[in-house]
Amino acid sequence: MILGIGFENPLLVGIIALTLLLVLVIFGVRVVFAAAVVGLLGLIELLGWSGAAGIVGTVPHSKSSTYALSVLPMFIFIGFLAFHAGMTGQLFNAARKWLGWLPGGLAVATVFATAGFAAISGASTATSAVFARVAIPEMLRYGYDKKLAAGVVAAGGTLATLIPPSAIIVIYAIIVEESVGRLLLAGFLPGLVSALIYAAIIVFWAMMRPEQAPAVEPSTWKERFASLPGVSPVFLVVLIIITAIYGGWATPTEAGALGAAVVFVLALLRGAGFKTIKSSLMESAKLTAMIFALIWGVLIFVRFLGFSGVPEAFTSWVVGLDMPPMVIMICILLAYAVLGMFMDAIGMLLLTLPVVYPAVIALGFDSIWFGIIVVKMAEVCLITPPIGLNCFVVNAVQPSISLPQVFRGIALFFIADVLTIIALLAFPEIVTILPDLLSN
């Protein structure tokens, strides 16, 4: 017990701890510290000092040594090395030549260029930062509205959370003990659907407001085909990763390592030097360390929740509700939308899944399907105020576009995300078809 104050009901301790954690997060305490401290205090209250110390002391090593987590630095390194090797500029150039003729063509090209980069990068903020440098100046040069230019980059960056390799999908798989390979494959079609809905809403807006997204002169077929060799390395890496996982001859970690090796060789062939390799390694190490620290802190809190009985109580309450399961699912997603206004995506999933996931499975929903739905909700959190991390990244890279302008620019894409979520709820086969093929 803490300071001699004891609670006989562990569930009450769990509810008090959840409330305290929410208050700390709302007041700006970083999730990793808030979760670790509250979890430690909760464990001390329930188990005493020695029991709590024994559990907390083993979390960092036991989770760092988990084989499934080793895929994260591989995927992160692929993205940073591809950026420093100059592959992103060629992606945008190719997309512009093939899609620039459409209404709002440069914005549409940005969406598909970010989707292509997302297929070799697991970090949404890195994707937004890269294309804020590459695509926004080009759109502004052609007279695009600042809000639209910023919004499309911030929203396009979120595709990296859904299109494999995705760090958030891997974290979800580890938390719920689901197949990493099946979840990574499940993200492809929903990611493509998201990109297509983004593109469709841009074309519609450009037709209604052509002054905000002026047309550009179409490229010749010769120019279009000439742009393809520059993006072939991206497709090669994606093909290798998908084939390795889908073919069953490599684990996701091995496929990620193979993809990283291919990108490394391609970067050397493109003239990447020691400085480029060092920058990629350092940025990958920093982001990996940040994610691992977040996992450690939150898992201390998760261990406490297990002893408090909160997940079981929540599951019993949800299953006992006299409501259709889909209505309950929609309410859960609305709760995620609200939480996303105050928490980062990874922290939100780490904190909520131990409580929400058992209830979702008890309602009869598929684990893979729910994983992609909840990762899509994490995408939405990356562009919703006041925390919308991608919006802050775009503003930091392009300070001439104010933060309020960036947030106004994502309004269109928030609507697109809602449409995507509705499609995934109505047609779960979009998510499950590829993993089912893998199983068969």
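Structure: see above.
Description of the structure in this document. (Residues numbered from 1 in each chain as written. Predicted model: local features only at pLDDT ≥ 70, side-chain atom pairs only at ≥ 80, totals over all residues. Heavy atoms only, no water.)

**Observations concerning helix H13 (residues 252–269)**
- In a regular helix each residue adds 1.5 Å, so 18 residues correspond to 26 Å; H13 covers 26 Å between its end C-alpha atoms and thus fits that length.
- Every buried residue belonging to H13 is among Pro 252, Thr 253, Ala 255, Gly 256, Gly 259, Ala 260, Val 262, Val 263, Leu 266 and Ala 267, and all of these are buried.
- Positive phi shows up at Gly 271, right after H13, with a value of about 95 degrees. (Helix = DSSP H or I, 4+ residues; strand = E, 2+ residues; numbered from the N terminus. Expected span 1.5 Å × (residues − 1). Buried < 20%, exposed > 50% of the residue type's maximum accessible area, 1.4 Å probe, protein only.)

**Digging into the packing of helix H3 (residues 71–84) against H13**
- Put simply, H3 and H13 touch, their axes get as near as 8 Å, and they point 20 degrees apart. Considering the angle they form, H3 stands roughly parallel to H13. Read as a crossing pair, H3 and H13 show a hand that is left-handed. Within the contact between the two elements, H3 uses Val 71, Met 74, Phe 75, Phe 77, Ile 78, Leu 81 and Ala 82 and H13 uses Pro 252, Thr 253, Gly 256, Ala 257, Gly 259, Ala 260, Val 263, Phe 264 and Ala 267.
- Among the residues making up the contact of H3 with H13, the classes are represented as 13 nonpolar, three polar and no charged. (Axes fitted to C-alpha atoms, helices over the stretch in contact; angles between N-to-C directions. Parallel < 35°, antiparallel > 145°, perpendicular 65-115°, else oblique. Left-handed = near helix turned anticlockwise from the far one by under 90°. Contact = heavy atoms within 4.5 Å. Nonpolar A, V, L, I, M, F, W, Y, C, P; charged D, E, K, R; others polar.)

**Notes on helix H8 (residues 167–176)**
- Buried residues dominate H8, accounting for eight of its ten residues.
- Looking only at H8, the buried set comprises Ala 167, Ile 168, Ile 169, Val 170, Ile 171, Tyr 172, Ala 173 and Val 176.
- The secondary structure elements touched by the buried residues of H8 are H3, helix H9 (180–186), helix H14 (274–308), helix H17 (345–362) and helix H18 (367–381).
- Measuring from the backbone nitrogen of Ile 168 back to the side-chain oxygen at the start of H8 gives 3.4 Å, which picks out Ser 166 as the cap.
- Glu 177, located one to two residues past H8, shows a positive phi value of around 60 degrees. (Polar contact = N/O pair within 3.5 Å; in protein donor to acceptor, adjacent residues only side chain to side chain.)

**Describing the packing of aromatic side chains**
- Overall, the coordinates contain ten aromatic pairs when judged by the stated rule.
- Aromatic pair Trp 98 and Trp 221: ring centres 5.7 Å apart, planes at 80 degrees, arrangement edge-to-face. Placement of the pair is Trp 98 in helix H4 (residues 87–99) and Trp 221 in helix H11 (residues 221–226), with a sequence separation of 123 residues.
- Grouping aromatic residues by their ring pairs yields a cluster made of Trp 98, Trp 221 and Phe 225.
- The aromatic ring of Trp 221 is capped on one face by Arg 224, whose charged end is 4.5 Å from the ring centroid. (Phe/Tyr/Trp six-rings, centres within 6.5 Å; stacked < 30°, edge-to-face > 60°. Lys NZ or Arg CZ within 6 Å of the ring centre and 35° of its normal.)

**A closer look at the nonpolar core**
- The biggest cluster of nonpolar side chains holds 162 residues, and the ones touching the most others in it are Met 139, Val 153, Ile 291, Phe 301, Tyr 336 and Phe 370.
- Looking at this core, the element that brings in the most residues is H14, giving 13 residues.
- Those residues in contact with Phe 301, other than ones at most four positions away along the chain, are Ala 17, Leu 18, Leu 21, Ala 35, Val 38, Gly 39 and Leu 351. (Core = buried A, V, L, I, M, F, W, Y, C linked by side-chain atoms within 4.5 Å.)

**What to know about the side chain of Arg 224**
- With respect to the helices and strands, the residue Arg 224 is situated in helix H11.
- The side chain of Arg 224 is buried and forms no salt bridge, while Glu 223, the nearest opposite charge, is found at 7.1 Å.
- Among the polar contacts made by the side chain of Arg 224, one reaches the main-chain carbonyl oxygen of Ser 219 at a distance of 3.5 Å.
- Apart from the residues lying within four places of it in its own chain, the contact partners of Arg 224 are Lys 97, Trp 98, Trp 101, Pro 218 and Ser 219. (Lys, Arg positive; Asp, Glu negative; His and termini not counted. Salt bridge = Lys/Arg side-chain N within 4 Å of Asp/Glu carboxyl O.)

**Points about the pattern of salt bridges**
- Tallied over the full model, the rule gives five salt bridges.
- As a salt-bridge pair, Glu 138 and Arg 141 come within 2.8 Å of each other at their nearest N and O atoms. Of this pair, Glu 138 and Arg 141 are both found in helix H6 (residues 124–141), three residues apart, which corresponds to roughly one turn of the helix.
- Judged by its relative accessible area of 58%, Arg 141 is exposed.

**Description of the side chain of Ser 194**
- Mapping Ser 194 onto the fold places it in helix H10 (residues 188–208).
- Apart from residues no more than four positions distant in its own chain, Ser 194 is found in contact with Leu 159, Leu 162, Lys 376 and Thr 420.

**What to know about unusual backbone geometry**
- Even without being a glycine, Glu 177 presents a positive backbone phi close to 60 degrees.
- Note on placement: Glu 177 falls in the loop between H8 and H9.
- When its relative accessible area of 74% is taken as the criterion, Glu 177 is described as exposed.

**Observations regarding the environment of Met 323**
- Locating Met 323 in the fold gives a position in the loop between helix H15 (310–319) and helix H16 (325–339).
- Each C-alpha atom of the pair Met 323 and Val 360 lies 13 Å from the other, and the pair is 37 residues apart in sequence.
- Look past the residues within four positions of Met 323 in its chain and what remains in contact with it is Ile 328 and Cys 331.

**What to know about the environment of Leu 236**
- With respect to the helices, strands and loops of the structure, Leu 236 is situated in helix H12 (residues 228–247).
- In sequence terms Leu 236 and Gly 156 are 80 residues apart; their C-alpha atoms lie 22 Å from each other.

Note that every value here comes from positions in space, so none of it alone points to a role or purpose.
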